[in-house]
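Next come the chains, spelled out residue by residue.
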Amino acid sequence: MAGCEPNFVGAGDKDAGQGRVLGWVFGGAALGAVVAYLNAAAIGGLLSGGTVGLLGLGIVFFGAVAGAELGFAIGWAVNWFDRLFTQNPATITLTGCVLCAGKNTGFPPFNDNDWTFNLGGPSMALLAPLDAGLTLDEIRNRDAPGNGPAFPVVDANSGQQALHCEIGSHIGDYAAVGGAVGAVAGAIAGAVIGAIICAAIGLATFGIGALICALIVAIAIAVATAVGYFAGDAVGALTGYIADQLDDFDDRGEAIHRSCLMNFTGRWITDSSHQHNEIHDIASAQLVECNDCINALGESSEGLIAAVGIGRHPTGIDP
Amino acid sequence: MEASRKDKGRRPKSKLCRIWHVIKNPKTPCGDPCVVIPGHILHKPDPCIYDQFLLMAMNQPVTWDNPDVSIFLGGVEQYTYNLTVGTTYDVAITVHNSSRLKPANGTVVDVRWIEFGAGGQTRHHIATLAANVPVWPGTAVVNTPWRTPDVPGHYCIEVELSHPDDGNPANNRGWNNTQVYAAHSQVTRPIRIFNQYLKGCPPVDEGHGPTLRPHRVFLGWAVLGALAGFFLKDFGPARLPPLLRVATTVAIGYLIFALLGLLAESVFAWIKRSRNRAATDAKHARDDERRQRTPCNLVEIDVDSYVFQDTVGKGFDPATVFRGKPAVWPARVEPSRFLFAAGEAHRDVDFIVDAPDVRGDPGLFNVNVRQGGMPSGGVTITVTREGP
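Let us look at the structure shown here. (Residues numbered from 1 in each chain as written. Chains lettered and ligands numbered in written order. Predicted model: local features only at pLDDT ≥ 70, side-chain atom pairs only at ≥ 80, totals over all residues. Heavy atoms only, no water.)

## Side note on the overall build of chain B
Consideration 1: When its secondary structure is counted, chain B shows 7 helices and 18 strands.
Consideration 2: A compact globule built from 388 residues would reach a C-alpha radius of gyration of about 21 Å, whereas chain B, at 31 Å, exceeds it by more than 25%.
Consideration 3: Principal-axis analysis of the C-alpha atoms gives chain B an extent of 110 × 60 × 45 Å.
Consideration 4: Buried residues in chain B amount to 46% of all 388 residues.
Consideration 5: Carbon and sulfur atoms provide 58% of the accessible area of chain B, an area that totals close to 19,100 Å².
Consideration 6: Here chain B contributes 43 positive and 37 negative side-chain charges, whose respective centroids are spaced 16 Å apart. (Helix = DSSP H or I, 4+ residues; strand = E, 2+ residues; numbered from the N terminus. Rg over C-alpha atoms; globule rule 2.2 N^0.38 Å. Buried < 20%, exposed > 50% of the residue type's maximum accessible area, 1.4 Å probe, protein only. Areas by Shrake-Rupley, 256 points an atom, 1.4 Å probe, with all protein chains shown as cover. Lys, Arg positive; Asp, Glu negative; His and termini not counted. Charge placed at Lys NZ, Arg CZ, Asp CG, Glu CD.)

## So, the pairing of strand β5 (residues 88–97) of chain B
Residues and elements named next belong to chain B.
Consideration 1: Most of β5 sits out of view: 8 of its 10 residues are buried.
Consideration 2: Here 2 bridges tie strand β2 (residues 47–48) to β5, and the two strands are oriented antiparallel to one another. Residue pairing across strands places P47 opposite N97, the latter belonging to β5.
Consideration 3: As judged from the 9 bridges shared by β5 and strand β8 (residues 139–147), these two strands associate in the antiparallel manner. By the bridge assignment for β8, T88 is matched with R147. (Pairing = 2+ DSSP bridges.)

## Let's talk about the side chain of N79 of chain A
Consideration 1: Within the fold, N79 of chain A resides in helix α2 (residues 53–80).
Consideration 2: Not counting the four nearest positions on each side in its chain, N79 of chain A is found in contact with R20, V21 and W24 of chain A together with R216 of chain B. (Contact = heavy atoms within 4.5 Å.)

## A short note on the sheet that holds strand β11 (residues 178–183) of chain B
Residues and elements named next belong to chain B.
Consideration 1: Strands sit in the order β11-β18-β17-β13-β15 across an open sheet of 5 strands; the sheet is mixed. In this open sheet, the two strands that pair with only one neighbour each are β11 and β15 (337–339). Across the sheet, the mean angle separating the axes of adjacent strands is 20 degrees when strand polarity is ignored.
Consideration 2: By the bridge criterion, 6 bridges tie β11 to strand β18 (residues 374–385) in an arrangement that is parallel. Counted as the bridge partner of A182 is T384 from β18. (Axes fitted to C-alpha atoms, helices over the stretch in contact; angles between N-to-C directions.)

## Some thoughts on the environment of F257 of chain B
Consideration 1: With respect to the secondary-structure elements, F257 of chain B resides in helix α6 (residues 242–292).
Consideration 2: With a relative accessible area of 17%, F257 of chain B lands in the buried category.
Consideration 3: C-alpha separation for the pair F257 of chain B and V246 of chain B, spaced 11 residues apart in sequence, amounts to 16 Å.
Consideration 4: Excluding residues within four positions of it along the chain, F257 of chain B makes contact with L31 of chain A together with W221, A222 and G225 of chain B.

## Description of the state of the cysteines
All names here are of chain A.
Consideration 1: Scanning the entire structure with this criterion turns up 5 disulfides over all chains.
Consideration 2: Shown here is the disulfide that connects C260 with C290, its sulfur atoms set 2.0 Å apart. Since a negative S-S torsion denotes a left-handed disulfide, the C260-C290 link at about 90 degrees is right-handed. Of this pair, C260 sits in strand β7 (residues 260–271) while C290 is found in strand β8 (residues 276–290), placing the two residues 30 residues apart along the sequence.
Consideration 3: We classify C260 as buried; its relative accessible area is 0%.
Consideration 4: What connects to what in chain A, once the bonded cysteines are numbered by sequence position, is 1-3, 2-8, 4-5, 6-7. (Disulfide = S-S within 2.5 Å.)

## Examining the packing of helix α1 (residues 16–44) of chain A against α2 of chain A
Consideration 1: Viewed as axis vectors pointing N to C, α1 of chain A and α2 of chain A meet at an angle of 145 degrees, and their least axial separation amounts to 6 Å. By crossing handedness, the relation of α1 of chain A to α2 of chain A is classed as right-handed. (Left-handed = near helix turned anticlockwise from the far one by under 90°.)

## Remarks on the interface of chain B and chain A
Consideration 1: Each partner contributes to the interface: chain B provides 97 residues, whereas chain A provides 105 residues.
Consideration 2: When the two sides are added together, the surface that chain B and chain A hide from each other amounts to roughly 8,100 Å², 61% of it contributed by carbon and sulfur.
Consideration 3: Taken as a group, V35, M58 and R100 of chain B account for 9% of the area that chain B buries against chain A, more than any other trio of residues on that side.
Consideration 4: Scanning the region where chain B abuts chain A turns up 4 salt bridges.
Consideration 5: In this assembly, chain B and chain A are joined by 27 residue pairs in polar contact (both at pLDDT 80 or more).
Consideration 6: At the level of elements, α2 (15–24), β1 (35–37), α3 (39–42), α4 (52–57), α5 (214–231), α6 and β18 of chain B are the ones that each hand at least two residues to the side of chain B that touches chain A.
Consideration 7: If you tally residues by element for the side of chain B that touches chain A, the top one is α5 of chain B, at 11 residues.
Consideration 8: Looking at side-chain class alone, the side of chain B that touches chain A contains 50 nonpolar, 26 polar and 21 charged residues.
Consideration 9: Relative to β1 of chain B, strand β6 (residues 254–256) of chain A is paired through 3 bridges, and the arrangement is antiparallel. Among the inter-strand pairings, I256 of chain A is bridged to a residue of β1 of chain B, identified as V35 of chain B. (Buried area = accessible area lost by both parts, 1.4 Å probe. Salt bridge = Lys/Arg side-chain N within 4 Å of Asp/Glu carboxyl O. Polar contact = N/O pair within 3.5 Å; in protein donor to acceptor, adjacent residues only side chain to side chain. Nonpolar A, V, L, I, M, F, W, Y, C, P; charged D, E, K, R; others polar.)

## Structural notes on empty space enclosed by the protein
Consideration 1: Summed over all chains, the structure comprises 1 cavity of 30 Å³ or more.
Consideration 2: Taken as a whole, the largest cavity encloses approximately 270 Å³ of empty space.
Consideration 3: What lines the largest cavity is a set of 21 residues, and nearest its centre among them are R20, N147 and S272 of chain A together with P210 and K272 of chain B.
Consideration 4: It is α6 of chain B that contributes the most residues to the lining of the largest cavity, 5 residues altogether. (1 Å grid on protein atoms, 1.4 Å probe; cavity = no way out; pocket = protein on both sides within 12 Å on 5 of 7 lines; lining within 4 Å. Points joined across faces, edges and corners; volume = space filled by probe spheres on them.)

Following this line, the structure appears as structure tokens:
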């Protein structure tokens, strides 16, 4: 199942978040290489100029791999919880036409499993708070405090002005934490496993070289870090999935598609990883009606939204 | 659209292929045919009232004679303007619920009075009531006695609802602000317009980032440093027992990388701000220009003779019920557009109506006020004709 992508009106970098994670990967790789080199040099003897030979290069290489994996896992988690910047006012209510409805179903970190919507159309309006200067343009354009620029977006299919809105799944959060914890645990476990393998091989071969042992440990750390990451990621994702199901244990949801008029209330933020504003998380959603609001004139939709708003018409599709 | 046409009919058979398909499938512009929104997000109670502010935000005509608020004296409905001092009235409020599925039990109903006019900011408490509102089309009526102040004045009633699990918090405020007077020929009546932003426009809090965020340092950089310290445990003080040596190198690694992280994140944030400066400045200049088009002290007033025909359900046709109606007689407000000066708390404008000279049906006029482009209040004035 696929989520909804908006397009920028002008400037904007949808993949700004990727660059931030790459920094952690390269930094982690460099750190891993240095740690591996120091360990190898300690075995080879620093007095010899620190030369470590091919075995040593191998240790440095796998140290860099392990460091990159740890850098990715920790950097991903840090950036995951650091990407949303809250606006002032923090909570807004918008109404409009759902131009796109989807869900980023899949495996984290590739998919966060959030429900995603592009809300827009001719009936799009701010319902609360009604403060002077807080227009739709402001909602779409304003940079959140402490963050870099945000750029307005349009719905990729209809080209209409839109605001991207998301219901957050627990899967993304839990998987990010699980992956980081799993990678760290894996690295430590890899060191232990590598030492055990060294000891076993040493017993069988009446002793192996310390550098060979160090290489085995480095490989074990690199492999176990990756395994630990994916295991932690999977456990986190499963836990998040269960948490999502428990949230809705007593209340089954309802299918929504494009061309449904809806009200969304939630936190107004700037998503720094995609450089656009959003409502994320949607705290409450109201289905006004499902009609041809994408193509209809705004007046008919506005009247219906108003009728529901004052309680003269119920929410939800008429039976 | 292209992606969805390409994918149509492709159903990988093997599980591994399906897994790969899910991972590789790019986000499509159209999204999916449908998606199920969680029930706890979608199904919430929605206590609501005839909220003129929401209606004006949706460009619908309004009446300030709120159909959900009534004031009675001895069972006879009263207008809010000419209430008698020191008299106890009965205020009845009808609370609706737009939800078909969830009752709005425990809805708090706050009732207040404001000085008559548009945009009054000083609220005087009358009562706080509780309402249990059944699912749509059920309603709940709550009542409270209200003794008017002993000092002569003119009043507007404001009702505000609140509920801890409200599906839509934007439809909870309604005013009842009415006046009636007799007229023949042209009459002028003052209406007080209050300044919503006496202390200045709402501040715009934006940008100036990225800035240093400590958790990136202490939960990111420092954690990597601690791990590096763990794997460099052999470089720790040899005289310490093994566990203590590990703890020492871990702690040293954590501290060193915390300091490095503070420096690196500060430099990184500075570089990003510098790189973004030109684009950010240009963007803010455009934002400022856009904001100045409707200054927060700009007041705009219009007059119409819309009447709300209250009904519920299938009988409520928005196209008919929300059809606007221009002023039935020549009526205007002067000035209809002005700017509040700094520190100006209110300004009186003149409602001028040219009533026919003969006896007949009263004319009803809604005076609707916006400040800074947003609805700020209004009054409904009924003008009776007592001519020959």
